[in-house]
Amino acid sequence: MLSQNLRVLARDGLVERMVEPDIPPKVSYRLSPLGQEGSAPLHAPLDWIALRAPDIVLAQSLHDANLSPHS
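No experiment lies behind these values; they were computed from the predicted model shown. (Residues numbered from 1 in each chain as written. Predicted model: local features only at pLDDT ≥ 70, side-chain atom pairs only at ≥ 80, totals over all residues. Heavy atoms only, no water.)

**Description of the pattern of salt bridges**
Close approach of charged atoms lets side chains of opposite charge pair.
Moving on, step 1. Following the criterion strictly, the structure yields 2 salt bridges and no others.
Moving on, step 2. The closest approach of N and O atoms between Arg 30 and Glu 16, which form a salt bridge, is 2.7 Å. Here the residue Arg 30 occupies a position in strand S2 (residues 26-31), and Glu 16 occupies one in strand S1 (residues 15-20), the gap between them amounting to 14 residues.
Moving on, step 3. Glu 16 gets classed as partly exposed once you look at its relative accessible area, which sits at 27%.
Moving on, step 4. Across the pair Arg 52 and Asp 55 runs a salt bridge whose closest N-O atoms are separated by 2.7 Å. Note that Arg 52 and Asp 55 are positioned in helix H3 (residues 43-64) at a spacing of 3 residues, about one turn of the helix.
Moving on, step 5. Relative accessible area serves as the criterion here: at 35%, Arg 52 is assigned to the partly exposed category. (Salt bridge = Lys/Arg side-chain N within 4 Å of Asp/Glu carboxyl O. Helix = DSSP H or I, 4+ residues; strand = E, 2+ residues; numbered from the N terminus. Buried < 20%, exposed > 50% of the residue type's maximum accessible area, 1.4 Å probe, protein only.)

Structural data, given as structure tokens:
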């Protein structure tokens with residue numbers, strides 16, 4: 001599944017795929033310039049999620065227990 005996703009990202013130009021002719025062959029990936037450009041706007045929401053992760057986990061737990069966080 002991961003290799004399929006990486007191939008799609010390579011096809012879209014977001015990652016570069018490098019195959020080294022070792023035995024066994026070694027494949028590595030890196031963000032392309034287009035992928036680097038696209039990753040920049042994602043930093044703010046990811047930073048917010050990391051900051052609020054405890055609150056998100058609490059909300060999930062309360063929801064799963066059928067409780068409201070404002071009860």
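**Observations regarding the pairing of S2**
Moving on, step 1. The pairing of S1 with S2 spans 6 bridges and is classified as antiparallel. Counterpart to Met 18 in the pairing with S2 is Ser 28.
Moving on, step 2. Joining the antiparallel neighbours S1 and S2 is a turn of 5 residues. (Pairing = 2+ DSSP bridges.)

**Comments concerning unusual backbone geometry**
Moving on, step 1. Cis rather than trans, the peptide bond between Ile 23 and Pro 24 has omega equal to -5°.
Moving on, step 2. Within the secondary structure layout, Pro 24 lies in the loop between S1 and S2.

**Describing the environment of Gly 13**
Moving on, step 1. In this fold, Gly 13 is placed in the loop between helix H1 (2-11) and S1.
Moving on, step 2. Through-space distance from the C-alpha of Gly 13 to that of Leu 31 is 8.8 Å; in sequence the pair is 18 residues apart.
Moving on, step 3. Apart from the residues lying within four places of it in its own chain, the contact partners of Gly 13 are Ser 32, Leu 34 and Gly 35. (Contact = heavy atoms within 4.5 Å.)

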